[in-house]
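These are the residues of each chain, in order.
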Amino acid sequence: MKAGAMLRKVKSRSWKKQRHFRLQEDGQTIWYKSRWAGTGHSTFSVADVDVVREGHQSEILLSIADEFPADLCFTLVFRGRRSNLDLVAESPSEAQVWIRGVRKLIQNTESMNDKERLDQWIWDWFQKADKNKDGRMNFKEVRTLLKMMNVDMNEEYALRLFTMADKSESGCLENEEFVQFYKMLTEREDVWRVFQDYSRDGQILTLAELEDFLKQEQQEGERSLEHAQELIDRYEPSENGKDHSLHVLARDGFQMYLVSPESAVLDPQLLALHQDMSQPLSHYFICSSHNTYLMDDQLRGQSSQEAYIQALKRGCRCVEVDCWDGPNGEPVVYHGHTFTSKILFRDVITTLAEYAFKVSEFPVILSLENHCSMEQQRVMAQLLDTILGDTLLTAPLDRLVPQELPSPQDLKGKVLLKAKKIGGLEESETLTDEVTDEVSDEDEADPKSLSAEALHLNDKLIMICRGLINSHKAGDICSLTCNILSLQKSKLSRELSDLVVYCKSVHFHSFEYSRLHSKCYEMSSFSESKARKLAKDTGAEFVRHNSRQLSRVYPSGMRTDSSNYNPQELWNVGCQIVALNFQTAGLEMDLNDGLFSQNGCCGYVLKPDFMRNDDSFDPERPQDRNGYTSLRLGQQLPKVNQKEGSIVDPLVRVEIYGVFQDQAKQETSYIDNNGFNPLWNETLNFIVHVPELALVRFVVEDYDKASRNDFMGQFTVPFTCIQPGYRHIHLLSKDGTAIPLSSLFVNIKISELTTEV
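Residues numbered from 1 in each chain as written. Predicted model: local features only at pLDDT ≥ 70, side-chain atom pairs only at ≥ 80, totals over all residues. Heavy atoms only, no water.

- Looking at an unreviewed UniProt entry, the chain carries the name Phosphoinositide phospholipase C, with the source organism given as Salmo trutta.

### Brief notes about the nonpolar core
Here is step 1: Among the nonpolar cores identified, the biggest contains 66 residues, and Phe345 and Leu384 are the most heavily contacted of them.
Here is step 2: For this core, the two domains that each supply at least three residues are domain 4 (281-425 + 499-506 + 521-538 + 550-607) and domain 5 (629-752).
Here is step 3: With residues up to four places along the chain from it excluded, the contact list for Phe345 reads Val321, Cys323, Pro331, Val332, Val333, Leu368, Met380, Leu383 and Leu384.
Here is step 4: Membership of the second largest hydrophobic core comes to 27 residues, among which are Leu266, Val654, Val696 and Leu731. (Core = buried A, V, L, I, M, F, W, Y, C linked by side-chain atoms within 4.5 Å. Buried < 20%, exposed > 50% of the residue type's maximum accessible area, 1.4 Å probe, protein only. Domains from an automatic or database assignment. Contact = heavy atoms within 4.5 Å.)

### A word on the UniProt feature "binding site: Ca(2+) 3" (unreviewed entry) in the chain
Here is step 1: Here the UniProt feature "binding site: Ca(2+) 3" (unreviewed entry) sits at Asn291, Glu320, Asp322 and Glu369. Taken along the chain, the residues just named run across 79 residues; in space they keep tight, none of their C-alpha pairs more than 9.9 Å apart.
Here is step 2: Structurally, Asn291 can be placed in the loop between strand 12 (284-289) and helix 13 (305-313).
Here is step 3: Excluding residues within four positions of it along the chain, Asn291 makes contact with Gln298, Glu320, Asp322, His335 and Asn581. (UniProt positions renumbered as here; feature names shortened; annotations may be inferred. Helix = DSSP H or I, 4+ residues; strand = E, 2+ residues; numbered from the N terminus.)

### Re empty space enclosed by the protein
Here is step 1: Applying the stated criterion across every chain, the model contains two cavities of 30 Å³ or more.
Here is step 2: Of the voids in this model, the second largest cavity is the one considered here, and its volume is about 40 Å³.
Here is step 3: Broken down by element, the residue count for the lining of the second largest cavity peaks at three residues, all from strand 21 (residues 522-527).
Here is step 4: Considered class by class, the residues forming the lining of the second largest cavity number three nonpolar, six polar and one charged. (1 Å grid on protein atoms, 1.4 Å probe; cavity = no way out; pocket = protein on both sides within 12 Å on 5 of 7 lines; lining within 4 Å. Points joined across faces, edges and corners; volume = space filled by probe spheres on them. Nonpolar A, V, L, I, M, F, W, Y, C, P; charged D, E, K, R; others polar.)

### A short note on unusual backbone geometry
Here is step 1: Its identity as a non-glycine residue notwithstanding, His247 has a phi of 50 degrees, on the positive side.
Here is step 2: Relative to the helices and strands, His247 is located in the loop between helix 10 (239-242) and strand 11 (248-250).
Here is step 3: Here His247 falls in the buried class, since its relative accessible area comes to 4%.
Here is step 4: If you check the backbone angles, Ser562 has positive phi at about 60 degrees while not being a glycine.
Here is step 5: Summarising the element assignment, Ser562 is placed in the loop between strand 22 (551-554) and helix 22 (568-571).

In C-alpha cells:
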C-alpha cells in the first residue's frame, strides 16, 4: 500500500477514472491523485473509514458488474454523511492487498489507547510541519506548525520552549524532542490548578485526597473510596505509586483520568443498554427516519439503498418506504411526483434484511407509503414474505388480540409493517378482500373537504413547480400537471393488509374518539404543523393518548431541501415516532443523536414514568405534576482544545431543550485569536423544571462580528445522563463524527432547588 497502486474510482456507470492511491508514511493517511492532476491531490484518514465492503456491494459497483468482476471491486464506507468510495483494482490480488490492508489499519486504529492516539496525532503534526521531509524541524517550521494548530503564541515564548526542547542544541527538533516541545506547549494550567486544590504537596494526590476530590467535585458519594483505589490502579504511571503501601496518583495520571471516557460528560454506565425493555412499545421514544431512501433533497435527490444502511447503522428503528408502480411489474421506491431517482422495492427489502439488526436487536418498524396498484401490492407482499422470512411479524404474539402493545423485548429481531389494514385483528377473517384506500398515510386533511390525496398532490405540485421555475424548466409543468390529475384512487390488497399487525394506520379524528374507539394497535401519522398545534392546544391529552397508542410525526412536504423541524416539541407530548430526514445535518439531528446516544444506542429510550401512566402531565405546566422538583445546572467553562485551521475567536454556547419553560441559551465571551487552548473561566446557570425531558447542547463557534459565526463543534447529551464534576466534552462535527482531540473542559454542578429562583 505504501508503494501505491492505480485503482479506478467509480462514480457511475459512465464515470470511471484511474487514480493513483498510496498509503502515507504515518500509516493512517491515504493519498490519491489523478496522473494528470499536477500537484493537486486528495487525502483521507483511515480513522474516517467505517468498513470495507468486498465485491459488488454498492449500487454503483452492481451497475458495472458486467464490466468488472466482483473480485476486482471493493467499497470504502465512511463515517458520517460522506459518500462511499467505490474502487476497482487491476487484479484480484491487488484488490485483496487493499481490502485486507485497510481492514487491518481500521482494526489498529480502533484498538489504540488514548496515549497511542495522542502519539499518532503528534506524529501527524510533525509530518505536516516537516516541509523538507528530513525528519527534523527548525524554528521556522515550528512557527508554521503553531499557525496550523491554531496557536497564536508570543514568538519569544515559543522560541524559549523550542530551545528548552532542543537538547542536542542543533537548532532543530527531532521526533522525540518535538514530543517534549509539544508537552511543554500543551501544559494544562486548568488541570494543574484543580490538582493543586486537593494535593497537599502539589506533586501527588494521596488516596484520601483523591477520595475527597471524587466526593466533593465529582459528587460520587459513598463509592468515592473504592473508585479512588480503582483510578490509581488504572492511571498512575509509576509502579511505586500503584503500590498499596503508597497508593498515590501523580499529576500525569490525574490528567489521564480527566480525559478518559469514564470522565466524559455522558455517564458511560448510561451509554450501555440499561433500561427496562419489557414495557409496551408506546412507552418508548423510537429513533425514526423520514424519506429514508433519500441521500439528498426530496425534489431531485438520489434514492439509494445506502441511505437505509446509514440510517440503520445510526440506530434508526423506524424507516420509511414510498412505493409506486414500476416497470416490469416491479414496485419502485422514490419520492412520488418529483425528480428523485428510483430504486427497486426488492432491493430496499433485501438491504433491510441484511442490516436491520446489526446495531440493535430491537424491532424495526417499516413505515409503508403505499401508492401501488393491486397487482404490484401483491408483489410487495410476496417480496416482504420471501425476503424477510421469519423476521417479518405476520400475526399477533401467541395469536391473541392485544389489550396493550407488546414490548421491544417481546419483539426482538422482528420487522413490523406499518400500513393500512382491512379491518382489525379481531375481525380480519370476516371482511371482504379489498378496501378503497382514499387517504395517503401522510395526510391528515379534513375528510369533509377536498380529499386528502388531492391536497397532498396539490402541495407536491406547488413544490415541483417552484423547483421547475427556479431551474428555468417551466415548460415541463403542463405535462406534469396532466399526469398528476390522471391519478385514481387505489385499493388495498388482502395479501398486503394481512402483514400488518401492531401498526395499523388510521385517520386521527380526535383524542376523545381515540379514547373511546381506537385499539392499541392503531396509530396515526401527523404532519409537523398539525402535531405542533395539538401539542400546544391539548398537550396533556396528547401525552395521555401516546401512553397507549403510537403516533408518528413527519416533516412538511414543503421542505424541498429535506430540512427538519425541532423534534423536542413532539417528544414533550410523548410522540414516539418523530421522523427526521437523517441525511440533513444540523441542530435537529444533533438533538436526535443526543437523545438516542443513551441505552446502548439501541434506538429505544424509555419515556419518563409520568408520560407512561394515567397521570395528567401537561408540558405547558410541568409544576403541576406529582413529585415535581426543579434543578439548577451550573457550568464553568474553562477551555476548549485543538482545532485545526486558521486562527479563530472561539466562544461556547450552552443550549437547553425541553419543555417550554426550560428552553434557554447562554454563551461565553469570545477569546481573541486562540483556537488551541482558550480559557474562559465563566459560569453559566440554568433552572430545569423537567430534567427527564431536557437535552443539553454544547456548541463551539468562531465569532465573526461581520457575519454569522462559523460552527466548530457540538455535543448534545440528555440531562439525566450528565456526570457532574470536572468533565471533558468530546466535540462532534456537523455530521456527527468525532473531531480528534477536540474537547471542552467544564465543571458541572447540579443541585436541587428548594424554592423557585
